[in-house]
Amino acid sequence: RTHFLSLSLQAKMSRPVQARRLEGTDKNIWVEFVKLAATYSKVNLGQGFPDFPPPDFLKESFVRALSGENYMLHQYTRAFGHPPLVKILAQFFGKLLGRDLDPMTNVMVTVGAYQALFCCFQALVDEGDEVIIIEPFFDCYEPMVKMAGGTPVFVPLRLKAPKDGKLMSSADWQLDPAELASKFSERTKAIVLNSPNNPLGKVFSREELELIADLCVKHDVLCISDEVYEWLVYDGKEHIRIASLRGMWDRTVTIGSAGKTFSATGWKVGWTMGPNRLLQHLRTVHQNSVYHCATIAQEAVAQGFQRELELYGKPDSYFVQLPKELQQKRDWLVQSLDAVGMKPIIPEGTYFLVADISKFKSDVPDVPDSDEPYDSRFAKWMVKNKGLAAIPLSAFYSGAHKNNYNHFIRFCFAKEEATLKAANDILQKWKREKTSP
Ligand code: PMP
């Protein structure tokens with residue numbers, strides 16, 4: 001009898017334990033590179049988060065919510081968003097979009113923009129549906145589409161040669177209109193747009209957005225618009241919300257993040273905005289998974305937006321001050337990199353900057369026939385040998401295209417002056433060692 005039991009136990013254990021939908025989604029660049037940075041880095045410009053504090057008014061809102069008289073803030077709140085937060089988001093973004101938003105049906109709060117994305121793909125993408133993703137892209141779009149049973153279809157931003165002697169700009173990376181159009185078919189359910197774009201910092205122009213919008217309308221395709229870096233736009237550029245273009249409100253879900261907006265990525269408060277015909281299905285996913293987000297963090301973010309509504313466009317507004325400060329940090333890093341010959345691509349937005357590592361290839365010789373893209377080996381070598389952490393650009397490409405753009409790495413410049421100075425010291429020293437071995 002014991003013998004029989006152990007046989008049947010063995011038989012059970014030999015079948016795969018994981019669900020089929022996980023196939024091909026187990027690798028995660030952040031798990032690998034965050035660990036490398038934690039082990040080796042002296043200066044971490046890898047993962048995207050500020051190393052400076054959030055604004056005082058936001059921290060104070062949190063403390064008030066935490067220790068104030070309203071102890072019900074320690075309990076559950078409304079599943080689809082704490083009422084004060086959805087109300088202020090509807091008011092704030094309604095003004096920007098030029099339309100009345102119903103806080104209860106046009107807005108839903110999520111656990112960061114990450115869960116907002118997950119809700120979109122689970123709610124809107126069916127088995128066999130195609131989803132167009134513009135490369136390079138925030139890496140989770142691909143596995144999330146696959147987990148929903150969909151097929152990602154990739155279209156690259158193509159690098160146009162910059163003008164002689166000029167540094168490259170994220171604006172030099174452009175969609176080929178004919179190539180983009182060729183990806184739309186009757187199987188296309190949605191396109192993912194991320195402007196300002198992580199990792200390049202590209203801010204899509206009105207013409208580019210209109211091109212995408214026209215194709216969406218023509219082919220009856222939905223748009224998942226990840227706008228988490230909406231306030232981080234430089235040199236007087238304008239962030240345009242695709243939901244505000246003709247015919248797009250009814251087919252767009254716009255995603256935002258308090259983490260990026262208020263420099264508090266650990267709070268994990270995000271949101272989706274859109275027509276009820278789409279959001280009602282996102283609510284179904286939300287109620288059957290997360291159900292509810294942290295009440296106190298939502299209350300504090302609501303108060304942060306209340307302040308920003310009152311100061312909108314004024315010099316004291318955080319949404320005015322933060323990009324001003326970050327633009328300066330961007331310029332420092334551009335200078336540091338340019339001085340050592342690691343050619344920077346000047347970003348128009350976000351807090352990321354991609355740089356060309358071609359001139360450093362002699363330090364990290366290529367291994368022919370390696371499966372791993374060169375930039376990935378370079379970034380690992382750099383953190384281990386120089387103590388400087390960055391992310392390889394190939395991490396933001398699909399498997400088949402990882403080797404097309406494998407000589408770039410991404411830096412995050414949402415860092416204190418001292419951190420950027422320490423990065424500069426590493427780069428300068430490296431350059432000296434290169435020229436006088
Ligand atoms: N979208 C993009 C483009 C991002 O860069 C990030 C964070 N790195 C997210 C979504 C996720 O945001 P959150 O931290 O609010 O979940």
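Residues numbered from 1 in each chain as written. Predicted model: local features only at pLDDT ≥ 70, side-chain atom pairs only at ≥ 80, totals over all residues. Heavy atoms only, no water.

### Overview of the site of the ligand
At step 1: For the ligand, the set of nearby residues contains 13 residues, the closest of which are Ala113, Asp226, Tyr229, Ser257 and Lys268.
At step 2: With respect to the ligand, the side chain of tyrosine 229 contributes an N or O atom lying 2.6 Å from an oxygen atom.
At step 3: Here lysine 260 contributes a side-chain N or O atom positioned 3.0 Å from a nitrogen atom of the ligand.
At step 4: Coverage of the ligand by the protein chains reaches 92% of its 400 Å² of free accessible surface.
At step 5: Counting residues per element, the shell around the ligand draws most heavily on helix α5 (residues 112-124), which supplies three residues. (Near = heavy atom within 4 Å. Polar contact = N/O pair within 3.5 Å; in protein donor to acceptor, adjacent residues only side chain to side chain. Areas by Shrake-Rupley, 256 points an atom, 1.4 Å probe, with all protein chains shown as cover. Helix = DSSP H or I, 4+ residues; strand = E, 2+ residues; numbered from the N terminus.)

### Some remarks on helix α2 (residues 29-40)
At step 1: When the terminal C-alpha atoms of α2 are compared, their 16 Å separation across 12 residues agrees well with the 16 Å that a helix rising 1.5 Å per residue should span.
At step 2: If you check which residues of α2 are buried, you get Ile29, Trp30, Phe33, Leu36 and Ala37. One side of α2 carries all its buried residues, which in axial view fall inside an arc of 135°. Pointing more than 90 degrees away from the buried face of α2 are the exposed residues Val31, Lys35, Ala38 and Thr39.
At step 3: Packed against the buried residues of α2 are β1 (43-44), α13 (374-386), β14 (388-389), β15 (391-392) and β16 (408-412). (Expected span 1.5 Å × (residues − 1). Buried < 20%, exposed > 50% of the residue type's maximum accessible area, 1.4 Å probe, protein only. Arc of directions from axis to C-beta. Contact = heavy atoms within 4.5 Å.)

### Things to note about the packing of aromatic side chains
Each aromatic ring pair is characterised by the separation of its centres together with the angle its planes make.
At step 1: Overall, the coordinates contain 32 aromatic pairs when judged by the stated rule.
At step 2: Ring geometry for phenylalanine 57 against tyrosine 318: centres 6.1 Å apart, planes inclined by 80°, an arrangement best described as edge-to-face. Placement of the pair is phenylalanine 57 in helix α3 (residues 56-67) and tyrosine 318 in helix α12 (residues 318-340), with a sequence separation of 261 residues. Considered together, phenylalanine 57 and tyrosine 318 belong to a single accessibility category, that of buried residues.
At step 3: Their ring planes at 80° and their centres at 5.3 Å tell us that phenylalanine 262 and phenylalanine 305 sit as a pair that is edge-to-face. Residue phenylalanine 262 is located in the loop between α9 (258-261) and β11 (269-273), and its partner phenylalanine 305 is located in helix α11 (residues 295-310); the two are separated by 43 residues in the primary sequence.
At step 4: Assessed through its relative accessible area of 0%, phenylalanine 262 is described here as buried. (Phe/Tyr/Trp six-rings, centres within 6.5 Å; stacked < 30°, edge-to-face > 60°.)

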